[in-house]
Amino acid sequence: MEEAKKEHFRRTLRDIKNLPTLPGMVTKLTAMAEDPDTTTEQMGKVISKDHILAAKLLRLVNSAFYGFPQRISSLNNAIILLGFNVIKSLIISASIFEIMEDQDVELWEHSLGCAVVCSVVAKRLGISDPEEISTAGLIHDIGKVAIKMELPEEYELINKMVLEEKVSRFAAERQILGLDHAEVGKWLAKKWNLPNKLIEPISCHHDPRLAKEEQLSSAVVHFGNIVIRGMGYGHGDDKWVPPMSQRAFRLLEISAVDIDEILDEIEDKLWDVKGFSLEIQSEQQAAASENNCNGK
Amino acid sequence: MQQILIAQAGDGMILARDVESEEGRVLCGKGTELSACLVERLKKMEVTHVAVEGHPVVDENEKTLKEELFDIEQRFKRVKHIPPLVHLKKRIMERAVKAREE
Amino acid sequence: MIIIQKKVKLPMQRILVAGKNIINSPETRLLLEAKGYQAILCEKLQDAVSMVLEDPPDLLITEKGFAGSNHDHELIMAAKACLQKANIPILLVLDLDDLKSDMNWDYYPVDDFIVKPVPPETLLARIELAESRMVRVFDNNPLSKLPGNTSILRSIQRTIDSDESYGVCYIDIDNFKPYNDRYGFSRGDEVLLMVARITVNVVEELARDGSFVGHIGGDDFVFIVREENLKPVCERLVENFERVKNMFLSPEDIKAGAFIGEDRQGNETRFDLLSLSVAVVTIGGENKYEHFGEVSVVASQIKHYAKTLDGSNYVIDRRER
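The structure presented is a predicted model; accordingly, all values stated were derived computationally and were not measured.

Procedures and definitions
- Residue numbers here run from 1 along each chain, matching the order of that chain's written sequence.
- Starting at A for chains and at 1 for ligands, labels are handed out in the order in which the entities are written.
- Side-chain atom pairs in this predicted model are given and counted only at pLDDT of 80 or more, local residue features only at pLDDT of at least 70, and totals for whole chains, interfaces and linings cover all residues.
- Secondary structure elements are defined from DSSP: runs of H or I of at least 4 residues count as helices, runs of E of at least 2 residues count as strands, and each element is numbered from the N terminus.
- As a reference, a globule follows 2.2 Å times the number of residues to the power 0.38, and the radius of gyration itself is taken over C-alpha atoms.
- Any residue surrounded by 20 or more other C-beta atoms within 10 Å of its C-beta is treated as buried, while 12 or fewer makes it exposed and the intermediate range makes it partly exposed; C-beta atoms here are placed from the backbone.
- Domain ranges listed in this record stem from an automatic or a database domain assignment.
- Contact between two residues is assigned when their C-beta atoms, built from the backbone, lie within 7 Å.
- For this scheme, ten residues count as nonpolar: Ala, Val, Leu, Ile, Met, Phe, Trp, Tyr, Cys and Pro. Four count as charged, namely Asp, Glu, Lys and Arg, and the remainder, Gly too, count as polar.
- Two strands are said to pair when DSSP picks up at least two bridges between them.
- Convention adopted: a line fitted to C-alpha atoms gives each axis, helices being fitted over their contacting stretch, and angles between N-to-C directions are expressed from 0 to 180 degrees.
- An angle below 35 degrees is read as roughly parallel, one above 145 as roughly antiparallel, one from 65 to 115 as roughly perpendicular, and any other as oblique.
- Throughout, right-handed denotes a crossover for which the path from the first strand over the helix to the second runs clockwise when the strands point away from the viewer.
- Defined on buried residues, the nonpolar core groups Ala, Val, Leu, Ile, Met, Phe, Trp, Tyr and Cys residues joined through C-beta atoms within 7 Å.

Looking now at the overall build of chain B. Tallying secondary structure elements over chain B gives 3 helices and 4 strands in all. The secondary structure elements of chain B, listed N-terminal to C-terminal, are β-β-β-α-β-α-α. At 17 Å, chain B has a C-alpha radius of gyration far larger than the 13 Å of a compact globule built from 102 residues. Each principal axis of the C-alpha distribution contributes one length, and for chain B these read about 50 × 30 × 20 Å. Counting every position in chain B, which comprises 102 residues, the buried fraction comes to 17%.

Rendered as structure tokens:
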């Protein structure tokens, strides 16, 4: 992509305020918000399963106007600081995917799955705030959503190239756009004033050697991405498990036995995620058929 | 045997494995026949999935074991030179087989 | 250094106008702009709420029944939840008929109303009055935007005079001065804001009815909740503070579990990391007070004790937690 076009893209990207969420999510959260017995904690649990809403919350709490720019890197803490009413407002203002495609659900599942792996690995490593890393794992592919929304034609070309020429999505993006979704994710994260603890893992999840201060977090997200792709849960990319950085793997100090135990834990937690995914998708089908009945 | 989500469990299905709580207490023994009422109780206890006998839940997208193993093999095709990932692949394949054991 | 006073053009006050029947003509809009008000029209709830969240206006005018069912209420609630621009004046535009059936002003906690059809001069006058009233009535803390001393004392007096039982709770941040010295005032301000936020959020969620949150100044806050809510609110407040505080400390300090600073005499000392001390004075029932002054005195004693305890704590009257 020539510099001018790249710069234009970068500038347009800054205007994205409304990345769309899955309709089923919005339906569920709206219902929860209207129920007077719902607690902030319950809302938080559901929001922590959506990469788009999580990104929005983080952006909001880190905006200069709230008072602690670049400070909040964990979703749970963002929720504590924003409070129920603001979260409710956020849900009301959430825009939804006009046309829901399979790929959107697959990316959602992949993001959620990655967050789960990151959480498991971070806890095993004894990291003091594992939730920060799982937050990064949840939103690591936010760049993909942006590319799809802002450059739909190029997005189609990328899909086509992956399918026909059997190259990785990463390679196709670089070929067609001159940049990749990790870089776009980095731009967004920076624009949204997110702390470096989140920016680096997002930016380096394919190549963690690029990480400077957040080497461990980046290694975890890199690993999380690979494992969840290996398990075949969710999609949003090409068919192949991406290569793993040796250095990152060494940082994690994971043995063969660890892998077995980690897989056990992940599988267990994924059931919860799968159940939730089913729930969200059926909420959406229910809403869609209601719309059809109302002659929408 | 089939592992299914609690939301998919229904009347008449028979548990192929004990259902345990998070602490390891057996909530419902292997061989129990499920009823709508029992399923509700299990849901309230935050059970996410159960193993039932036979193959009562039909999923059009479900693959055969052979297909699933082939998929896994394909997925890892480009990282055969990375030993930890080869190990990961092996383990994932083993689990796929184990999940369908009768 | 010579300071040259430049006549600065004040930025336009932005007014979010939610509803179709408020600005009826281009002349109205021009009149507003001439007086420094930029009207931004929103007809959908989603757009209006987005704006309140991300780029709050200086004033909100909403039509009753705007966009259907309870959307007017939702929008008003969103504006009220916006702490950083606390107390955005809100005007409600309604029909005369609405006034004939009882208006529930708790459901519509607005600052003024205007009856349709709205003549442009009336609209302008109400806007200007709302603004000037905001300045007069509120003694908000400039940092946290929470009510200040006058409102606080008034609230405490109200609880003393009521028949019901309340807890008046004084929050103090332990080791705030060394924190400020070490991290700078800007970071110190962030911590104050953080405490303001989590206090408001916890009180709103667990004990909204009959509650109050104020900021005395510096690192001193006050909140009032009904007695039955005291324990859950204090527990959750302390819990949330402990969860969030690490975001405001450096990894080295967290690891060390302390920071090295200087005490008031300038000697090097070891300070524990930030923690919260909450001193609770129960009012009502057996504890009778006449005047808010008495409450402050008791609070001081309790606070003194609470601060001797390690970590974050709350102490209710003289009982140990």
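So, next bit.
With that settled, the discussion passes to the overall build of chain C. Tallying secondary structure elements over chain C gives 11 helices and 12 strands in all. For chain C, the C-alpha atoms occupy an extent of roughly 70 × 60 × 35 Å along the three principal directions. Taken across its 321 residues, chain C has 38% of its residues classed as buried.

On domain assignment, one finds that chain B holds domain 1 (2-52) and domain 2 (65-99). On a C-alpha basis, the centres of domain 1 of chain B and domain 2 of chain B stand 29 Å from each other.

Contacts between chain B and chain A engage 22 residues on the former and 19 residues on the latter. Of all elements in the fold, only helix H2 (65-75) and helix H3 (83-99) of chain B reach the threshold of two or more residues within the side of chain B that touches chain A. By residue number, the principal contributor to the side of chain B that touches chain A is H3 of chain B, which donates 8 residues. Counted by class, the side of chain B that touches chain A contains 11 nonpolar, 4 polar and 7 charged residues.

Listed as buried for helix H11 (residues 181-191) of chain A are His181, Ala182, Val184, Gly185, Lys186, Leu188 and Ala189 of chain A. Looking one or two places after H11 of chain A, you find Asn193 of chain A, whose phi comes out positive at around 65°.

Bringing the arrangement of the chains into the picture now. By number of contacts, the leading pair among the 2 pairs of chains in contact is chains A and C. Considering only C-alpha positions, the minimal separation of the non-contacting chain B and chain C is 24 Å.

A word on the sheet that holds strand S2 (residues 37-42) of chain C. All names here are of chain C. Taking strand neighbours across the sheet as the criterion, the 5 strands line up as S2-S1-S3-S4-S5 in an open arrangement whose pairing is parallel. Looking along the sheet, the strands with just one partner apiece sit at the ends: S2 and strand S5 (112-115). In this sheet, neighbouring strand axes are inclined to one another by 20° on average, regardless of whether the strands run parallel or antiparallel. Against the sheet, helix H3 (residues 71-80) contacts strand S1 (13-18), strand S3 (59-63) and strand S4 (90-94), and its axis sits at roughly 170° relative to S3.

Bringing the interface of chain A and chain C into the picture now. In this complex, chain A contributes 25 residues to the contact, which on the side of chain C involves 28 residues. Ranked by residues supplied to the side of chain A that touches chain C, first place goes to helix H5 (residues 75-92) of chain A with 11 residues. Of the residues that constitute the side of chain A that touches chain C, the class distribution is 11 nonpolar, 11 polar and 3 charged.

Bringing the domain arrangement of chain C into the picture now. The domains assigned to chain C are domain 1 (13-137) and domain 2 (149-316). Using only C-alpha atoms to locate each centre, domain 1 of chain C and domain 2 of chain C end up separated by 35 Å.

We now examine the packing of H2 of chain B against H3 of chain B. All names here are of chain B. Put simply, H2 and H3 touch, their axes get as near as 10 Å, and they point 170° apart. Between H2 and H3, the angle falls in the class roughly antiparallel. Counted together, Leu65, Glu68, Leu69 and Ile72 of H2 and Lys89, Ile92, Met93, Ala96 and Val97 of H3 form the full contact between these two elements. Among the residues forming the contact of H2 with H3, the class breakdown is 7 nonpolar, no polar and 2 charged.

The step from Lys116 of chain C to Pro117 of chain C runs through a cis peptide bond, and the omega angle for that step is -5°. Positive phi outside glycine occurs at Glu46 of chain B, with the angle close to 65°. Along the polypeptide, Glu46 of chain B turns up in the loop between helix H1 (36-44) and strand S4 (49-52).

All names here are of chain C. Taking every second residue as pointing to the same face, both faces of strand S12 (residues 313-316) are buried, with Asn313 and Val315 on one and Tyr314 and Ile316 on the other. As paired strands, strand S11 (residues 275-283) and S12 are joined by 4 bridges and run parallel to one another. Counterpart to Ser277 in the pairing with S12 is Asn313. Between the parallel pair S11 and S12, the chain is carried across by helix H11 (residues 292-308), and the sense of this crossover is left-handed.

The subject of this paragraph is the packing of helix H4 (residues 51-61) of chain A against H5 of chain A. All names here are of chain A. Between H4 and H5, the least distance of the axes is 9 Å, while the angle of their chain directions is 100°. Considering the angle they form, H4 stands roughly perpendicular to H5. For the pair H4 and H5, the contacting residues are Ala54, Lys56, Leu57, Leu58, Leu60 and Val61 in the first and Leu75, Ala78, Ile79, Leu81, Leu82 and Leu90 in the second. Its residues assigned to classes, the contact of H4 with H5 shows 11 nonpolar, no polar and 1 charged.

Residue and element names in this part refer to chain B. Relative to the assigned elements, Lys63 resides in the loop between S4 and H2. Owing to 13 C-beta atoms within 10 Å, Lys63 belongs among the partly exposed residues under this scheme. Distance from Lys63 to Val39, taken between C-alpha atoms, is 26 Å for residues 24 residues apart in sequence. The contacts of Lys63, once residues within four sequence positions are left out, are Glu68 and Asp71.

The next point concerns the sheet that holds strand S6 (residues 166-174) of chain C. Strand pairing within a sheet occurs via backbone hydrogen bonds; the two strands may be parallel or antiparallel. Residues and elements named next belong to chain C. One open sheet holds the 5 strands; their spatial order is S7-S8-S6-S11-S12, and the pairing between them is mixed. Each of the sheet's edge strands pairs with one partner strand only, and the pair in question is strand S7 (212-217) and S12. On average, each strand axis in the sheet is tilted by 20° relative to the strand beside it, whichever way the strands run. Bridge count between S6 and S11: 9 bridges; the pairing is antiparallel. Residue Ile171 lies in a different strand from S11, and its bridge partner there is Val278. Relative to the sheet, helix H6 (residues 149-161) contacts S6, S7, strand S8 (220-226) and S11, its axis offset from that of S7 by approximately 135°. Helix-sheet contacts for helix H9 (residues 230-244) involve S6, S8, S11 and S12, and the interaxial angle to S11 is about 170°.

To continue, consider the nonpolar core. With 169 residues, the main nonpolar core has Leu57, Leu58 and Cys118 of chain A together with Val278 and Val280 of chain C as its most contacted residues. Here Val280 of chain C is in contact with Gly167, Cys169, Leu230, Cys234, Tyr314, Val315, Ile316 and Asp317 of chain C, once residues within four sequence places are set aside. Counting residues in each nonpolar core, the second largest holds 10 residues, with Met13, Val19, Cys28 and Val52 of chain B among its members.

Moving residue by residue along a regular strand, the side chains alternate between the two faces of the sheet. All names here are of chain C. Pairing geometry for strand S9 (residues 258-262) and strand S10 (residues 268-272), over 5 bridges, is antiparallel. Bridge pairing links Ile260 to Arg270 in S10. Hairpin remark: S9 followed by S10, antiparallel, with 5 residues in the connecting loop; positive phi at Gly266, about 90°.

Here the focus is the environment of Glu227 of chain C. All names here are of chain C. With respect to the helices, strands and loops of the structure, Glu227 is situated in the loop between S8 and H9. Separated by 54 residues in the primary sequence, Glu227 and Val281 place their C-alpha atoms 9.9 Å from one another. Once residues within four sequence positions are removed from consideration, Glu227 is found in contact with Ser165, Tyr166, Gly167, Thr282 and Gly284.

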